[in-house]
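# Tertiary structure, described
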Amino acid sequence: MLIYEYKLDGNQRQYAAIDEAIRVVQFIRNKCLRKWMDGRGVSRNDLQCYCSVLAREYSFAARLNSQARQASADRAWAAISRFYENCKQKKSGKKGYPRFQHDNRSVEYKTTGWKLEPDGKHLTFTDGCGIGTLRLVGNKKQAVATFPVKQIKRIRMVKRADGYYCQFAVEAHRRVEHAPTDQARGIDVGLKSYYTDSDGNIVNHPRYYRKAEQRLKRLHRRLSRKQKHSSNRKKARKQVAKAYLKVQRQREDFARKQANALVTSSDFLAYEDLKIRNMVRNRHLSKSISDASWGTFLRWVKYYGAMHDIPVIAVPPQFTSQDCSGCGTRVKKSLSVRTHICPTCGLVLDRDENAAVNILHAGLCILVLMAFAGTLGHRETSSDEENASGQSTSTRRSPRRKASKQAG
Ligand SMILES: [Zn+2]
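Residues numbered from 1 in each chain as written. Predicted model: local features only at pLDDT ≥ 70, side-chain atom pairs only at ≥ 80, totals over all residues. Heavy atoms only, no water.

Attention now moves to the sheet that holds strand β12 (residues 312-315). If you trace the five strands from one edge of the open sheet to the other, you get β10-β9-β8-β11-β12, paired in mixed fashion. Looking at strand neighbours, the two that pair on one side only are β10 (202-203) and β12, the edges of this open sheet. Where strand β8 (residues 184-189) lies against strand β11 (residues 268-272), four bridges are found, and the strand directions are parallel. Opposite Arg-185, over in β11, you have Leu-269 as the bridge partner. (Pairing = 2+ DSSP bridges. Helix = DSSP H or I, 4+ residues; strand = E, 2+ residues; numbered from the N terminus.)

See the structure below:
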């Protein structure tokens, strides 16, 4: 899937209509969740059927396109099945019992309820929401209209701090002729560096957040001084949101560029399959970790890996930083010990580089095993049906970038 993103240009009435559609999505999602909570053995199919019941019961729900209604029910189901999955795996701690949503910012259409105008620069919504025709503003180099309409599988409108955006999910493979480099790399994403590879190359953190922190602090202070419910407060809040949006875009951009460069210069990549969400819960590390945005980076690595058709292997994280990459001896060390010194073979290496070499070795082992099992080609990346910007059926509102750049 490729994602093309445009900013939407319309008038206040149209924006209000989009807001309304977004509210209806949330309404349906929450109604479905309520139904699941109240009943027993409610299935995904039950929720899909429930959509039409809701449409009959509530006229405002009926105005939203029927596939968009079903997509809303799917969001509820996504939350429910995530919860089931966590329970099944006996995950420790919170299982993520589904919650009602109050901050939805997007609405998703599938193949009906919209029409791309022949000029390729306007999009018309044809359901009862009354959104009408919007102008698509985007990079000239990206043209979603060049794809056959039947390849456009999904349209998602997202509200952000600086306006309304529209993402087209296009079913297409973008293959890039990969120039062989003879390089196999393990990468260790870390706190100290953005990543360290098994050759000892280090890419440092951009630390956008830290740089922007002063500004964000000031904006937050200003916000807290404003009177509640005043229009000045609204304005100040918008400024804060915009500042965050900027940081997120910078991060995403950095991650994408680094990932592209890495994939272009390698024939094989292995990375550590970190449970990022768990780590971010660690309060002392969280700011640096979020700032590092590993998740984004690794997603882009997988995305470009698929595009270049090179193996990108996720390695389980056990002991990658403890074991000696030279002889395999386990050398226990705390996070503050930055150098690996092996008492057995005498290897002295930067901690992260040692880990990266271990990751590379583990990745190559997995590759060999996969080749034996005949599963080569069904790599971990193929499980990501979604695109690199992390878009999924979930309703999390992580800001997404301009697709022109994503596709590039
Ligand atoms: Zn050793």
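Let us now look at the sheet that holds strand β3 (residues 114-116). Spatial strand order, β2-β6-β7-β1-β5-β4-β3: seven strands in an open sheet with antiparallel pairing. Of all the strands in the sheet, just β2 (106-109) and β3 have a single pairing partner and so form its edges. Sheet twist, expressed as the mean angle between neighbouring strand axes with direction ignored, is 30°. The pairing of strand β1 (residues 2-9) with strand β7 (residues 163-170) spans six bridges and is antiparallel. Paired with Leu-2 across the two strands is Val-170, which belongs to β7. (Axes fitted to C-alpha atoms, helices over the stretch in contact; angles between N-to-C directions.)

A rise of 1.5 Å per residue sets the reference length of helix α1 (residues 12-38), with its 27 residues, at 39 Å; its end C-alpha atoms lie 39 Å apart and thus fit the reference within 8%. Its side-chain oxygen 3.2 Å from the backbone nitrogen of Arg-13, Asn-11 forms the N-cap of α1. (Expected span 1.5 Å × (residues − 1). Polar contact = N/O pair within 3.5 Å; in protein donor to acceptor, adjacent residues only side chain to side chain.)

Tetrahedral coordination by four donors places them ideally at 109.5 degrees to one another around the metal; octahedral coordination by six donors ideally gives 90 or 180 degrees. Ligation of the zinc ion by protein atoms is provided by Cys-324 (SG), Cys-327 (SG), Cys-342 (SG) and Cys-345 (SG), these donors lying 2.2 to 2.3 Å from the ion. Viewed at the metal, the four donor atoms of the zinc ion are separated by angles of 106 to 114°, and the geometry they form is tetrahedral. (Donors = N, O, S within 2.8 Å, 3.2 Å for Na, K, Ca; no water. Tetrahedral: all angles 85-135°; square planar, octahedral: opposite > 155°, others 65-115°.)

Counting all residues, the mean pLDDT for the protein is 84, and 87% of those residues have values of 70 or more. Highest mean pLDDT in the protein belongs to β2 (96); lowest belongs to helix α11 (residues 403-407) (39). The low-confidence segment residues 378-408 (pLDDT under 50) makes 84 contacts with residues lying over four places distant or belonging to another chain. (pLDDT = per-residue confidence, 0-100. Contact = heavy atoms within 4.5 Å.)

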